[in-house]
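Examination of the molecular architecture
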Amino acid sequence: QVQLAESGGGLVQAGGSLRLSCAASGRTFNNFFMGWFCQAPGKEREFVAAIKWSIGTTYYADSAKGRFTISRDNAKNTIALQMNSLKPEDTAVYYCAARGPWTNEYGYWGQGTQVTVSS
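Below: a short report on this structure. All figures in this text were calculated on a predicted structure; none of them were measured in a lab. (Residues numbered from 1 in each chain as written. Predicted model: local features only at pLDDT ≥ 70, side-chain atom pairs only at ≥ 80, totals over all residues. Heavy atoms only, no water.)

Turning to the sheet that holds strand E8 (residues 78-83), a few remarks are in order. Sheets are built from strands paired through backbone hydrogen bonds, the pairs being either parallel or antiparallel. One open sheet holds the 4 strands; their spatial order is E1-E3-E8-E7, and the pairing between them is antiparallel. Edge positions in the sheet fall to strand E1 (3-7) and strand E7 (68-73), since each of these pairs with one other strand and no more. Each strand of the sheet is rotated relative to its neighbour by a mean of 15°, with strand direction disregarded. (Pairing = 2+ DSSP bridges. Helix = DSSP H or I, 4+ residues; strand = E, 2+ residues; numbered from the N terminus. Axes fitted to C-alpha atoms, helices over the stretch in contact; angles between N-to-C directions.)

Dropping the structure here:
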């Protein structure tokens, strides 16, 4: 059974940094795409960043480019999202997600972790 568990959220002032982590378990993710999404109050969930686990290719939303970095740790079976220069509009619940190579849909989701950026 696939499990994704996020950690690392919290409260930070604008301009600060946070590092989110996602522990993945239950299967081999070598050919998977692992992603981070966020959902702010009253808004739809939106894509933030993704990484192809096997080769490390990364993808970013325009809002994340230059500020956020997604990475993976093969030994620990985790992915991380380093978030720098945080803005109040980054406030949201951040979700870790996974999808296999056979689909464009992310079918596995974590519970989410709250990120709050104060001005």
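Attention now moves to the nonpolar core. In a soluble, globular protein the nonpolar side chains are often hidden away together inside. By size, the foremost hydrophobic cluster in this structure holds 30 residues, and its most contacted members are Met34, Trp36, Leu81 and Tyr94. Among the nonpolar cores identified, the runner-up in size contains 5 residues, and Phe33, Phe37, Ala97 and Tyr106 belong to it. (Core = buried A, V, L, I, M, F, W, Y, C linked by side-chain atoms within 4.5 Å. Buried < 20%, exposed > 50% of the residue type's maximum accessible area, 1.4 Å probe, protein only.)

With 5 of its 6 residues buried, E8 lies for the most part within the structure. For strand E3 (residues 18-25) and E8, the ladder comprises 6 bridges, and the chain directions are antiparallel. Bridge pairing in E8 places serine 21 opposite alanine 80. As defined by bridge partners, E7 adjoins E8 across 6 bridges and the pair is classed as antiparallel.

Another point: the packing of aromatic side chains. The final tally for this structure, using the stated rule, is 10 aromatic pairs. On the basis of an interplanar angle of 80° and a centroid distance of 6.5 Å, the ring pair of tyrosine 95 and tryptophan 109 is categorised as edge-to-face. With tyrosine 95 in strand E9 (residues 92-99) and tryptophan 109 in strand E10 (residues 108-109), this pair connects stretches of sequence that are 14 residues apart. Under the relative-accessibility criterion, tryptophan 109 is labelled partly exposed at 30%. Three or more aromatic residues joined by ring pairs make a cluster, and in this case those are Phe29, Phe32, Trp53, Trp102 and Tyr108. Above the plane of the ring of tyrosine 95 lies arginine 45, whose end atom (NZ or CZ) is 4.9 Å from the centre. Directly above the ring of tryptophan 109 sits arginine 45, whose terminal nitrogen or CZ lies 3.8 Å from the centroid. (Phe/Tyr/Trp six-rings, centres within 6.5 Å; stacked < 30°, edge-to-face > 60°. Lys NZ or Arg CZ within 6 Å of the ring centre and 35° of its normal.)

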